[in-house]
Amino acid sequence: MIRFMKNMLMRSLGLIWVLVVGLAAAGAAAADTPTFRIESIRVEGASLASARVVRAESLLAPGHSYSEDGLRLAMRRIRRLPVVIDVDFRLERGSERGTYVLVIRVVETARFFYGVDLLAAASHGGWVLSSLDLDDLLDESSCPEGSCDSLKVLSTGVRQPVGAAGIGWAAIQARYPTGSLSDNPTAFELGYTQYDLFGTGAFSSARLAMSSNGQRKWYTFEAGIPIRGNHSLRLLVDGYQQNEDAVAYLVPDLNELGDTRRTRRLDATLEWRIDSRDDPLFPSDGHLLTAAVHFRDRDLPRSGSPFDPGSVNTSGRVMSFELAGTWYHPFDPRQSIWWGGGVSLYRGDQTGRYFYEGRYIDPTELHFDAATVRAEVGYQRSIWRPTGSTRLNDLRWQTTLSGLFGQSWLDEGFPDIQWRRLDLSTGLVLRNRWGVARFALIYRSRTETVR
Amino acid sequence: MKAAVFAVVLMPLVVQAAEPRVVVDSATGVVMVRHLAGMLDAPEVTRNLDSGLTNGFVIQASVHREREAAARGAARVDIRWELWDEVYLVDVVAFDGHVTHLKLASKDDLASWWSSAAFPVLSGRGLAAEGSAVVKLVVTFVPFSQSEVEAARRWVTQSGEETGSARNGPNQPEGRSSSAVVNLVVATSIVRRAILRREWTVKLETGGGG
């Protein structure tokens with residue numbers, strides 16, 4: 001016992017010594033680095049995002065001094081603006097000796113944009129969670145990207161600067177399959193983002209979309225507040241509503257004629273985020289760490305077939321807490337890897353009518369707790385040789401392998417469920433000034449164990 | 001017509017003359033890269049060099065004998081135009097972590113120094129004595145936006161300490177500190193996206209000091 005304590009003490013002292021020496025070395029190195037007192041900031045090349053938006057996103061302020069690493073992190077923040085694809089800094093002399101004018105040159109996306117998502121997906125396994133309508137509440141749909149076979153999403157639109165710090169956009173989107181038997185695949189979208197709210201560098205964004213026959217509606221609100229450096233606080237509210245007439249189904253007499261099947265989803269997330277990634281779409285360096293509280297509210301028709309004689313809605317609510325992190329590492333100019341993982345804890349309840357072990361169960365309320373642990377590794381390779389000062393055309397091959405282990409604990413009378421999931425995704429992603437196109441093959445395997 | 005003859009006949013000779021040389025110093029056993037002319041005036045470099053921020057060149061060399069890699073090493077050159085003092089501040093970080101600080105008063109001085117400087121890229125003791133070898137030389141320009149100078153400075157601090165202890169220890173294998181340094185160069189610079197890259201394959205020469 002004494003030997004054990006002695007070993008622990010020696011190890012602790014060793015660790016403290018390493019930390020002290022490391023900090024001293026870092027301090028000595030930092031003392032050597034140049035800093036620049038910024039007198040003013042000038043922005044060049046900004047037309048969609050105004051100079052004010054770029055300045056606000058940089059979080060740099062005239063009158064302050066910054067190291068080169070501080071400036072480089074500001075570059076990364078600007079690069080994460082959705083209308084910026086590249087950014088460069090240079091210094092000019094200020095009016096007094098030792099002061100500098102920081103010139104920020106941005107390369108923006110085009111005003112007209114497109115988006116293409118062509119996904120071929122395959123999956124197998126999983127049944128109990130979905131039969132109890134828990135998969136949606138636990139964000140564990142057995143079909144990747146919401147589609148069990150393939151998904152084609154095409155969108156195009158236009159962005160327009162509004163005022164000194166706003167950007168609005170309008171788009172039209174076609175999606176196959178629609179996720180509904182009766183719906184129209186075309187949807188229209190309007191959105192607006194206001195940057196630099198109250199001069200603080202915060203932003204808020206709102207989006208509203210509707211299918212062409214009015215059956216489906218999406219609404220999103222997002223707000224972000226910079227805290228310090230790469231730390232920020234984000235609020236995201238995401239809603240979806242779908243109304244369908246039951247008569248639209250092929251065998252209407254199995255439903256109540258004229259009955260409306262209503263789907264309603266609401267997700268709210270409050271997230272603390274530390275983001276030092278060098279690129280929002282193709283990160284090869286930096287990390288993204290998040291701590292988030294989610295609230296999810298669902299009101300769904302039975303997830304079984306439309307011929308289900310008991311078209312009783314399931315409604316449920318869940319609160320969850322998630323810690324997650326992803327780290328990106330380049331290992332040559334064309335290739336990078338990433339790895340990460342997360343832990344989520346859920347607590348929720350739902351009311352509904354469930355089909356389990358060959359019979360329908362009519363509980364008034366079902367309480368559940370759940371926990372998931374997930375891990376992910378990925379690899380990215382640039383197909384085109386990465387030379388040239390700007391990143392106007394980028395084609396990458398991305399492959400991701402992720403695994404998840406989950407456990408749910410339900411009320412008495414219901415089984416506890418364990419599930420394991422393995423996802424493999426590989427494909428090409430093209431980015432240029434006009435948009436992003438993604439072609440991917442996705443395979444998901446999920447096994448469930450009832451206890 | 002004369003111009004065409006010059007272009008066809010003489011230009012290859014000019015290009016040949018512009019090739020860098022890689023020389024093992026017979027006194028110290030250090031492999032030096034010399035005559036790296038022709039990179040400072042590339043548009044990708046000139047556009048960034050006067051930005052007032054630090055840009056870097058990474059010089060990587062791998063020595064091959066009978067098609068097998070015998071040794072490899074690297075050096076890094078950081079250049080920053082100091083706007084108020086109107087000087088180029090240059091840090092040459094050798095393969096062993098040794099840093100040389102220079103101040104050059106003009107672009108002409110910088111170009112002149114660049115074309116005549118000898119960059120120590122690896123310890124090649126014994127390489128020259130073992131017969132003919134070729135060196136694959138890769139020089140990349142990493143702009144401010146892609147480089148991580150502070151990480152490189154920390155690397156220099158740490159590798160300098162490590163090299164010092166290696167120098168003090170008589171039984172320390174000579175290649176160890178340099179490989180640690182090279183690995184750290186790889187970790188900080190070589191993985192960054194370069195906007196200019198030049199490659200040569202040249203003979204390894206033996207020469208005197210200086």
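Up top is the structure.
Residues numbered from 1 in each chain as written. Chains lettered and ligands numbered in written order. Predicted model: local features only at pLDDT ≥ 70, side-chain atom pairs only at ≥ 80, totals over all residues. Heavy atoms only, no water.

Undergrad: Account for the sheet that holds strand E2 (residues 30-34) of chain B, naming residues and giving values.
TA: Residues and elements named next belong to chain B. Pairing in this open sheet of 9 strands is mixed, and the strands run E6-E5-E4-E3-E8-E9-E1-E2-E7 from one edge to the other. Looking at the sheet topology across the chains shown, the edges are occupied by strand E6 (99-104) and strand E7 (118-123). Between one strand axis and the next, the sheet turns through 25 degrees on average, direction left out of account. Where strand E5 (residues 87-93) lies against E6, 6 bridges are found, and the strand directions are antiparallel. Considered in E6, the bridge of leucine 89 is made with lysine 103. Here helix H3 (residues 107-116) sits on the sheet in contact with strand E3 (55-65), strand E4 (68-82), E5, E6 and E7, set at roughly 20 degrees to E5. (Pairing = 2+ DSSP bridges. Helix = DSSP H or I, 4+ residues; strand = E, 2+ residues; numbered from the N terminus. Axes fitted to C-alpha atoms, helices over the stretch in contact; angles between N-to-C directions. Contact = heavy atoms within 4.5 Å.)

Undergrad: Which residues make up a nonpolar patch on the surface, and what are the values?
TA: Residue and element names in this part refer to chain A. Taken together, Phe221, Leu235, Leu270, Val293, Met319, Phe321, Leu323, Val343, Leu345 and Val373 make up a surface patch of nonpolar side chains, about 830 Å² in accessible area. Secondary-structure elements contributing two or more residues to the nonpolar patch are strand E14 (314-332) and strand E15 (335-351). Looking at the element boundaries, valine 293 is found in strand E13 (residues 286-300). (Patch = residues over 30% accessible without salt bridge, like charges linked within 9 Å, V, L, I, M, F, W, Y side chains within 5 Å. Areas by Shrake-Rupley, 256 points an atom, 1.4 Å probe, with all protein chains shown as cover. Salt bridge = Lys/Arg side-chain N within 4 Å of Asp/Glu carboxyl O.)

Undergrad: How would you summarise the packing of aromatic side chains if you had to cite specific residues and measurements?
TA: Two aromatic rings, taken as a pair, are described by how far apart their centres are and by the angle between their planes. Residues and elements named next belong to chain B. Applying the stated rule across the entire model yields 12 aromatic pairs over all chains. Both rings, one in phenylalanine 57 and one in tryptophan 114, keep their centres 4.5 Å apart while their planes meet at 40 degrees; by these two values the pair is tilted. Separated by 57 residues along the polypeptide, phenylalanine 57 in strand E3 and tryptophan 114 in helix H3 bring together distant segments of the chain. The same class applies to phenylalanine 57 and to tryptophan 114, which are both buried. Arranged with centres 5.7 Å apart and planes meeting at 85 degrees, the rings of tryptophan 113 and phenylalanine 119 form a pair that is edge-to-face. Residue classification places tryptophan 113 among the buried positions, given a relative accessible area of 16%. (Phe/Tyr/Trp six-rings, centres within 6.5 Å; stacked < 30°, edge-to-face > 60°. Buried < 20%, exposed > 50% of the residue type's maximum accessible area, 1.4 Å probe, protein only.)

Undergrad: With reference to specific residues and values, describe the pattern of salt bridges.
TA: On inspection of all chains with the given rule, the structure shows 40 salt bridges over all chains. The partner of Asp297(A) in a salt bridge is Arg264(A), and the shortest N-O contact between them spans 3.5 Å. With Asp297(A) in strand E13 and Arg264(A) in strand E12 (residues 260-275), this residue pair connects regions lying 33 residues apart in the sequence. By relative accessible area, Asp297(A) is classed as buried at 11%. The partner of Arg76(B) in a salt bridge is Asp78(B), and the shortest N-O contact between them spans 2.8 Å. Pair check on accessibility: Arg76(B) and Asp78(B) agree, each one buried. Here the salt bridges share partners, and the residues they tie into one network are Asp136(A), Asp139(A), Arg265(A), Asp267(A), Arg296(A) and Arg298(A).

Undergrad: Which residues make up the environment of Ala27(B), and what values do they have?
TA: All names here are of chain B. Residue position: alanine 27 is located in the loop between strand E1 (21-25) and E2. Overall, alanine 27 belongs to the exposed group, its relative accessible area being 60%. Spatially, the C-alpha atom of alanine 27 lies 32 Å from that of valine 142, the residues being 115 residues apart in sequence.

Undergrad: Any chance you could break down the nonpolar core for me, citing the residues and the numbers?
TA: Formed by 71 residues in total, the largest nonpolar core has its most connected members in Phe89(A), Ile104(A), Phe57(B), Val77(B), Trp113(B) and Phe119(B). Other than its neighbours up to four places away in sequence, Phe119(B) contacts Val31(B), Met32(B), Val33(B), Leu36(B), Ile59(B), Val77(B), Val92(B), Trp113(B) and Trp114(B). The next biggest cluster of nonpolar side chains, apart from the first, holds 16 residues, and it includes Leu129(A), Leu137(A), Leu404(A) and Trp419(A). (Core = buried A, V, L, I, M, F, W, Y, C linked by side-chain atoms within 4.5 Å.)

Undergrad: Pulling in residues and values, what's your account of the pairing of E2(B)?
TA: All names here are of chain B. In terms of burial, E2 is a largely internal element, 5 of the 5 residues being buried. With burial as the criterion, each face of E2 is covered, one bearing Val30, Met32 and Arg34 and the other bearing Val31 and Val33. In this sheet, E2 lies alongside E1 in antiparallel orientation, the contact comprising 4 bridges. Looking at E2, one finds that valine 24 is bridged to valine 31. The hairpin formed by E1 and E2 contains 4 residues between the paired strands, and glycine 29 there has a positive phi angle of roughly 75 degrees. Across 5 bridges, E2 lies against E7 in antiparallel orientation. Within E7, the residue paired with valine 30 across the bridge is serine 123.

Undergrad: Can you lay out the packing of helix H2 (residues 51-58) of chain A against helix H3 (residues 68-79) of chain A for me, pointing to particular residues and giving the numbers?
TA: All names here are of chain A. Look at H2 against H3: their axes get within 8 Å of each other, and the N-to-C directions meet at 130 degrees. As summarised for this structure, H2 and H3 are arranged oblique, according to the angle between their axes. Note on packing geometry: the crossing formed by H2 with H3 is right-handed. In this structure, H2 contributes Val54, Glu57 and Ser58 to the contact, and H3 contributes Ala74, Arg77 and Ile78. Residues that form the contact of H2 with H3 fall into these classes: 3 nonpolar, 1 polar and 2 charged. (Parallel < 35°, antiparallel > 145°, perpendicular 65-115°, else oblique. Left-handed = near helix turned anticlockwise from the far one by under 90°. Nonpolar A, V, L, I, M, F, W, Y, C, P; charged D, E, K, R; others polar.)

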